[in-house]
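Coordinates in review
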Amino acid sequence: MSAPAAVNTALVAHLKTRRSTPFVLMQGPGPDDATLDAILEIAARVPDHGKLAPWRFMVIGPDAGKRLGEALERIVVTDDPATDDKRRDIERGRFLRAPLCVAVISRAAPHPKIPEWEQVLSAGGVCLNLLHAAAAFGFGATWITEWPSMDRRFLDHLGLEAHETIAGFVHIGTASARAEERVRPDMSAIITRL
């Protein structure tokens, strides 16, 4: 197999060096509304068997992030009234670590032809595309889940339907520096050629 005649070297370089931006390197500004709309449009261009769009976006700005952090603090204190101030601070700031957060909500559901796991994978593709799109516009981003994505009380607080889950919280901002490279898999250990 030979390489195509034209290789987009900038895209290849990005894909070969893609790295999430740690929160300690995340700062303002985040994307404005028009840029965010363009980022989300790119994020939505993923494989989607059956054209179901089994995912949706929830944009969490700073004001909403403050309110959601207060809700998380209440949940934690309900579970453990002796929660210390450090943990309370962490929960209050969970959605304020970057200028903007996009929750990618998986709407995977039973379907006569498309397995639910394919729908979940499509939502994962949206999260990864969101990272690439943010980078294309010059922003840093990180895709995480953490405990709030699995706590039904918090999902109910967000207004998610019973079958909806969080595929990821993608935090977006401006990277103050490039993240250090991390260890990557040994390719010879993960490739099988038949």
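Notes on the structure in this doc start here. Remember, it's a predicted structure, so these values are computed and weren't measured experimentally.

Here is what the cut-offs are and how they apply
Residues numbered from 1 in each chain as written. Predicted model: local features only at pLDDT ≥ 70, side-chain atom pairs only at ≥ 80, totals over all residues. Heavy atoms only, no water. Helix = DSSP H or I, 4+ residues; strand = E, 2+ residues; numbered from the N terminus. Buried < 20%, exposed > 50% of the residue type's maximum accessible area, 1.4 Å probe, protein only. Contact = heavy atoms within 4.5 Å. Areas by Shrake-Rupley, 256 points an atom, 1.4 Å probe, with all protein chains shown as cover. Lys, Arg positive; Asp, Glu negative; His and termini not counted. Charge placed at Lys NZ, Arg CZ, Asp CG, Glu CD. Axes fitted to C-alpha atoms, helices over the stretch in contact; angles between N-to-C directions. Nonpolar A, V, L, I, M, F, W, Y, C, P; charged D, E, K, R; others polar. 1 Å grid on protein atoms, 1.4 Å probe; cavity = no way out; pocket = protein on both sides within 12 Å on 5 of 7 lines; lining within 4 Å. Points joined across faces, edges and corners; volume = space filled by probe spheres on them. Core = buried A, V, L, I, M, F, W, Y, C linked by side-chain atoms within 4.5 Å. Polar contact = N/O pair within 3.5 Å; in protein donor to acceptor, adjacent residues only side chain to side chain.

1. Let's talk about the overall build of the chain
Broken down by element type, the chain carries seven helices and five strands. What you see in the chain, going N to C, is helices and strands ordered as α-β-α-β-α-α-β-α-β-α-β-α. By its C-alpha atoms, the chain is 65 × 45 × 40 Å across when sized along the principal axes. For the chain, the residues scored as buried account for 37% of the 194 residues in total. Residue pairs in contact within the chain that sit at least 24 positions apart in sequence constitute 78% of those at least 6 positions apart. Accessible area of the chain: about 11,700 Å², with a carbon and sulfur share of 58%. In the chain, the 23 positive side-chain charges and the 24 negative ones have mean positions that sit 5 Å from each other.

2. Some points on the packing of helix α3 (residues 62–79) against helix α4 (residues 85–93)
Running from amino to carboxyl end, α3 crosses α4 at an angle of 145 degrees, the nearest separation of the two axes being 6 Å. Taken together, the residues of α4 that come into contact with α3 (itself represented by G65, G69, L72, E73, V76 and V77) are R87, R88, E91 and R92. When its residues are assigned to classes, the contact of α3 with α4 shows three nonpolar, two polar and five charged.

3. What to know about unusual backbone geometry
The omega torsion of the bond from G28 to P29 falls at 0 degrees, within 30 degrees of zero and hence cis. With respect to the helices and strands, P29 occurs in the loop between β1 (26–27) and α2 (33–43). Positive phi values are uncommon outside glycine, yet K51 reaches one of about 55 degrees. Take K51: it is sitting in the loop between α2 and β2 (55–60). The phi dihedral of E146 falls on the positive side, at around 65 degrees, and the residue is not glycine. Mapped onto the elements, E146 comes out in the loop between β4 (140–144) and α6 (152–158). Residue class for E146 comes out partly exposed when judged on its relative accessible area of 25%.

4. Concerning the layout of surface pockets
Estimated volume of the largest pocket: approximately 270 Å³. When contributions to the lining of the largest pocket are tallied by element, the ones reaching two or more residues are α1 (9–17), α5 (116–136) and β4. Taken together, the residues that form the lining of the largest pocket break down as seven nonpolar, six polar and three charged.

5. Quick word on the nonpolar core
Judged by nonpolar contacts, the single largest core of 21 residues is most densely connected at V104, L130, V170 and I172. Elements with a minimum of two residues in this core: α2, β3 (100–106), α5 and β5 (165–175). Among the elements that take part in this core, α5 stands out by supplying seven residues, more than any other. Leave out the neighbours within four places in its chain, and V170 touches L100, C101, V102, V104, C127, L130, L131, A141, T142 and W143. Counting residues in hydrophobic clusters, the runner-up holds 16 residues, among them I60, I75, I105 and I144.

6. What about the side chain of S149?
Structurally, S149 can be placed in the loop between β4 and α6. By relative accessible area, which is 6% here, S149 ends up buried. In this structure the side chain of S149 is engaged in a polar contact, spanning 2.8 Å, whose partner is the backbone oxygen of E146. Setting aside its immediate chain neighbours within four residues, S149 contacts L155, I166 and F169.

7. What about the environment of N8?
Positionally, N8 belongs in the segment before α1. Using a relative accessible area of 47% as the deciding quantity, one classes N8 as partly exposed. A distance of 2.9 Å separates a polar atom in the side chain of N8 from the backbone nitrogen of L11.

Geometric values such as these leave the question of function open.
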